[in-house]
Amino acid sequence: VLIRRAMGKLQSKISFSTSKYRADGSVEGTGPVRAIQQRGPTHTDAVTSVAALKPDLCVSGGRDKTVAVCSWRSGAALRRFIGHKREVTKVTSALDSNRVFSASRDKTVMMWELHRTSGPSQHFPGHDLVVTGLAVSPDGSQLCTGSRDNTVCKWDTETGECLGRTAISRNLVTHLCWVPGEPYVIQTSEDKTIRIWDSRELQVAHTFPAKRHIQTCCDVSQDGRYCLSSSSGSAGEGGEATLWDLRQTRNRVCEYKGHFQTTTSCVFLPRDPALTPRIATSSCDSTVKVWDQDTRGRE
């Protein structure tokens, strides 16, 4: 009873944030946090990837081999795509489009139409191992994929034709992301490096100095000026996120240290004019941290 009373007093003193981020990049004031309506699971096994699709929609992939489109307003699963033979590893979409792309351990990538009732509208076979990187150009016309087979491929999304394939020894791709408004693609790898690819010739334009640990994920700021990468780690060693300058200097700007295990994901949060730029990281240490991009302060 005493514990219950103490918890009640503690909860009454907690102040909640009065704003929330929306998928379209704006920030919406909400006032006090209300109870969240609970719904049944979207997937029947672990969710492996999630990405924004439209301001009110997101897409997810899971170990159950399916891809789902959900409304964040209602929480309802609106579409479910079935076609992969093994676990879905990555999902992505050109923001505010009707096309969804999914990569899988079955070594393929598929394209799905939001309003199409049948199966995938395009297949992209060609990798020899699990596909672990997936990035679509801002106009949706091209797709870059990466794999543990050490290759990066470029595809025409309309025809499914492979427009280029480049292999680099020991380049086990972990993530890909396209720089907004540019022909460049950022890639992280198990060889501890971050590469900038020029998608026009599918050649490496720049390689940042190698880190001490495997690079697990990357993201690019909305203005295309910076990229983030995250590191593996354990027992407080490694696990940092790193901010890199994509402009002429292409230097390391700073590191965000505080996770005790592998940092699995990193992302630039949507900009709010009233706030300084922020990033978020998630880790195998069961925490999500939000950082002030400029001061490296945690919130």
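Relevant structure appears above.
Let me sum up the structure you'll find in this document. For clarity, every value in this text was computed on a predicted model and none was experimentally measured.

1. Points about the sheet that holds strand 10 (residues 122-125)
Two modes of strand pairing occur in sheets, parallel and antiparallel, and in both the strands are linked by backbone hydrogen bonds.
Working step 1: Read across the open sheet, the 4 strands follow the order 7-8-9-10; overall the sheet is antiparallel. Two strands in the sheet have a free side with no partner beyond their single neighbour: strand 7 (88-92) and strand 10. Across the sheet, the mean angle from the axis of one strand to that of its neighbour is 20 degrees, orientation sign disregarded.
Working step 2: As defined by bridge partners, strand 8 (residues 99-104) adjoins strand 9 (residues 108-113) across 5 bridges and the pair is classed as antiparallel. Residue pairing for strand 9: Ala103 is matched across the bridge by Val109.

2. Comments concerning the nonpolar core
Working step 1: Leu53, Val59, Val67, Val69, Val91, Val100 and Trp112 are the most contacted members of the largest nonpolar core, which totals 13 residues.
Working step 2: Contributing elements (two or more residues each) for this core: strand 3 (47-54), strand 4 (57-62), strand 5 (66-71), strand 7 and strand 9.

3. Considering the pattern of salt bridges
Working step 1: Inspection of every chain in the model, using the stated rule, returns 14 salt bridges.
Working step 2: Two residues, Arg165 and Asp149, come together in a salt bridge whose shortest N-O distance is 3.8 Å. One end of the pair, Arg165, is in strand 14 (residues 162-167); the other, Asp149, is in the loop between strand 12 (142-147) and strand 13 (151-156), with 16 residues separating them in the sequence.
Working step 3: Residue classification places Arg165 among the partly exposed positions, given a relative accessible area of 40%.
Working step 4: Under the relative-accessibility criterion, Asp149 is labelled buried at 12%.

4. Thoughts on the side chain of Ser97
Working step 1: Relative to the helices and strands, Ser97 is located in the loop between strand 7 and strand 8.
Working step 2: For Ser97, the side chain forms a polar contact with the main-chain oxygen of Ala94, separated by 2.7 Å.
Working step 3: In this structure the side chain of Ser97 is engaged in a polar contact, spanning 3.3 Å, whose partner is the backbone nitrogen of Arg99.
Working step 4: Those residues in contact with Ser97 that sit more than four places away from it in its chain are Leu53 and Lys54.

5. Comments concerning the packing of aromatic side chains
Working step 1: Evaluation of the coordinates by the stated rule reveals 5 aromatic pairs.
Working step 2: An angle of 25 degrees between the planes, with centres 5.1 Å apart, marks the rings of Phe81 and Trp112 as stacked. Residue Phe81 is found in strand 6 (residues 77-82), and its partner Trp112 is found in strand 9; the two are separated by 31 residues along the sequence. Each of the two residues, Phe81 as well as Trp112, counts as buried.
Working step 3: Relative to Phe124, the ring of Phe101 has its centre 6.5 Å away and its plane inclined at 45 degrees; by these criteria the two rings are tilted.

The rules behind each value
Residues numbered from 1 in each chain as written. Predicted model: local features only at pLDDT ≥ 70, side-chain atom pairs only at ≥ 80, totals over all residues. Heavy atoms only, no water. Pairing = 2+ DSSP bridges. Helix = DSSP H or I, 4+ residues; strand = E, 2+ residues; numbered from the N terminus. Axes fitted to C-alpha atoms, helices over the stretch in contact; angles between N-to-C directions. Core = buried A, V, L, I, M, F, W, Y, C linked by side-chain atoms within 4.5 Å. Buried < 20%, exposed > 50% of the residue type's maximum accessible area, 1.4 Å probe, protein only. Salt bridge = Lys/Arg side-chain N within 4 Å of Asp/Glu carboxyl O. Polar contact = N/O pair within 3.5 Å; in protein donor to acceptor, adjacent residues only side chain to side chain. Contact = heavy atoms within 4.5 Å. Phe/Tyr/Trp six-rings, centres within 6.5 Å; stacked < 30°, edge-to-face > 60°.

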